[in-house]
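Observations on chain architecture
One-letter residues, chain by chain:
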Amino acid sequence: MAKSRQHPRAGNAMRRVVPLFLAVALLAACSTTTRRPAPPRLISGSVPEGYTQRVRLLASDVEQFAKRSPEFFQGIRDSASDGSIDILALSGGGAGGAFGVGALTGLSRAHARPQYELVTGVSVGALLAPFAYLGSDWDEAMQQAFGGEATEHLIGSPRSTLLARLVSPMGHDHGSLYHLVDHFVTPAMIDAVARENAKGRRLVVATTDLDKGETVLWDMGAIASRGGEVARATFRDVLVASASVPGMFPPMLIHVQDGEHRYDELHVDGSVTTPVFTTPLIAELHPETLSMLHGANLYMIVNSQVHRFPRTTPLKTLPLLISGFGAALTFKTREAIAETIGITRQLGIRFLMTSIPVDYPENSFIDFNASSMRALFNYAANCAEQGKLWVTPEQGLRRNLMAHSVPPNGPPSCPTEDPAIVPKTP
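Let me begin by describing the structure that accompanies this report.

**Focus: the overall build of the protein chain**
The number of helices and strands found in the protein chain is 14 helices and 10 strands. In the protein chain, once contacts between residues fewer than 6 apart in sequence are set aside, the share between residues at least 24 apart is 81%. Looking at the protein chain as shown, the accessible area adds up to about 20400 Å², and 58% of this sits on carbon and sulfur atoms.

Here is the structure:
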């Protein structure tokens, strides 16, 4: 049998690649972070030390949802001092969070921002949620937390970040996201959230428990009510976990106990399981628990595009990963919107939303460039100030689909404006 002949360049390439993979494997083996086992049962009484089970809810725990929801929603109704229940849901979207910051700021400038009795947040929406919950007085702090200087180097080079996470998923320290959140979650914020929670207003953030593959809903007001540095640290860790996109940021280990045993849970970006939410899906099994929300106003800020113009995806690993994650997030966001339409119609809730329009210049959820984020902030703020931010889901769908007839290189119109109507030139 004739011997196969290998091209010299192929041999050289193999000699370069094999040591690289061996080095990565050895580094990964050396940098593995030890952890305690996860709680062995899906439904368990495990909670962070110093808290009761009321601090969080596994989104699939029907029994606990039915037990706790009457008091939870009654508090929301009682806190509506003007008789109007206003709810705000903030989605994930990475760097698209600049849209949410701009929208909230513009609403404040226009004096068109109500006090929200319930605020929910996922991923970057979770990071914005405490500021949205505390009101317009916290706008400046929100802008400082998500300004260009604070976030521009949040992930560094996407390629080097991905390689670093392959080598050491937990990182050598808590990471840039941790330090950002640790900076803006101040004792003053914890005290302010606790005071508002005592009035019955609610702040809820979602994470994904990787061990269970489930959404966990955290009552951030209950955490803040614990008080002191323990509350601040837990509040911070939950926010970091909710925004920790796998592969971009280290996951968050949360230490829990059930009174007898101690465990570790691994939590990551809430968008892995739910990109935006108002109530958990299990609420549909007990719709009577939501009856106290009848007649409420629901506002949803989607920090991403729910439609996009087609573009050619390069046949390279990083663009494929980013495009794949982005497509999955877009599709799940549409599903969440559709589910929200169904439950709001059932309960007689007025549902308005806003999102980054399809004809807004192409942006990536990892583009934390200061100029890109400033442009998106200014766009959303201007639209909100002009009263052109909110649309019904049906209007939003029509607006995005009609935009497919408009070239994407022109200035984007606001969410309420019909891009099919081309302004006449004088």
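**Overview of the packing of aromatic side chains**
Taken as a whole and assessed by the stated rule, the structure comprises 8 aromatic pairs. Look at Tyr-299 and Trp-390: their rings are 5.1 Å apart centre to centre, the planes differ by 50°, and that puts the pair in the tilted class. Taken as a pair, Tyr-299 in strand β9 (residues 297–302) and Trp-390 in the loop between α13 (370–385) and α14 (393–402) lie far apart in primary sequence, 91 residues in all. As far as burial versus exposure is concerned, Tyr-299 and Trp-390 are alike and both buried. The cationic tip of Arg-201 hangs over the ring face of Tyr-133; the distance from NZ or CZ to the ring centre is 4.3 Å.

**Quick word on the state of the cysteines**
Throughout the structure, instances matching the rule amount to 1 disulfide. In this model, Cys-383 is linked to Cys-414 through a disulfide, with the two sulfur atoms separated by 2.1 Å. Judged by the sign of its S-S torsion, about -90°, the cystine formed by Cys-383 and Cys-414 is left-handed. Here Cys-414 lies in the segment after α14 and Cys-383 lies in helix α13, a separation of 31 residues in the sequence. Pair check on accessibility: Cys-383 and Cys-414 agree, each one buried.

**Some words on the packing of helix α4 (residues 124–134) against helix α11 (residues 228–242)**
Their axes nearest at 6 Å, the elements α4 and α11 cross at an angle of 140°. Relative to α11, α4 is oriented oblique. Residues Ala-126, Leu-127 and Pro-130 of α4 form the contact with α11, whose own contacting residues are Phe-235, Leu-239 and Ser-242. For the contact of α4 with α11, the class distribution of residues is 5 nonpolar, 1 polar and no charged.

**Structural notes on the pairing of strand β8 (residues 262–269)**
In terms of burial, β8 is largely enclosed, as 7 of its 8 residues are buried. The sheet contact formed by strand β5 (residues 202–209) and β8 spans 3 bridges and is antiparallel. When the bridges of β8 are listed, Thr-207 appears paired with Asp-269. Across 6 bridges, strand β7 (residues 252–257) lies against β8 in antiparallel orientation. Following the sheet pairing, His-255 is matched in β8 by Asp-264. The turn linking β7 back onto β8 is made up of 4 residues, and Gly-259 within it adopts a positive phi angle of 95°.

**Describing helix α3 (residues 97–109)**
Relative to the 18 Å expected for 13 residues at 1.5 Å per residue, α3 spans 19 Å between its end C-alpha atoms, a close match to the ideal helical length. The buried count for α3 comes to 12 of 13 residues, which makes it a mostly enclosed element. All of the buried residues in α3 are Gly-97, Ala-98, Phe-99, Gly-100, Val-101, Gly-102, Ala-103, Leu-104, Thr-105, Gly-106, Leu-107 and Ser-108. Buried-residue contacts for α3 involve β3 (86–90), α4, α5 (139–145), β9, β10 (350–355) and α13.

**Some words on the pairing of strand β6 (residues 214–219)**
Burial runs high along β6: 5 of the 6 residues are buried. As paired strands, strand β2 (residues 56–58) and β6 are joined by 3 bridges and run antiparallel to one another. If you follow Leu-57 over to β6, its bridge partner there is Leu-217. Pairing between β5 and β6: 6 bridges, direction antiparallel. Looking at the pairing, Ala-206 lines up with Leu-217 of β6.

About the thresholds
Residues numbered from 1 in each chain as written. Predicted model: local features only at pLDDT ≥ 70, side-chain atom pairs only at ≥ 80, totals over all residues. Heavy atoms only, no water. Helix = DSSP H or I, 4+ residues; strand = E, 2+ residues; numbered from the N terminus. Contact = heavy atoms within 4.5 Å. Areas by Shrake-Rupley, 256 points an atom, 1.4 Å probe, with all protein chains shown as cover. Phe/Tyr/Trp six-rings, centres within 6.5 Å; stacked < 30°, edge-to-face > 60°. Buried < 20%, exposed > 50% of the residue type's maximum accessible area, 1.4 Å probe, protein only. Lys NZ or Arg CZ within 6 Å of the ring centre and 35° of its normal. Disulfide = S-S within 2.5 Å. Axes fitted to C-alpha atoms, helices over the stretch in contact; angles between N-to-C directions. Parallel < 35°, antiparallel > 145°, perpendicular 65-115°, else oblique. Nonpolar A, V, L, I, M, F, W, Y, C, P; charged D, E, K, R; others polar. Pairing = 2+ DSSP bridges. Expected span 1.5 Å × (residues − 1).

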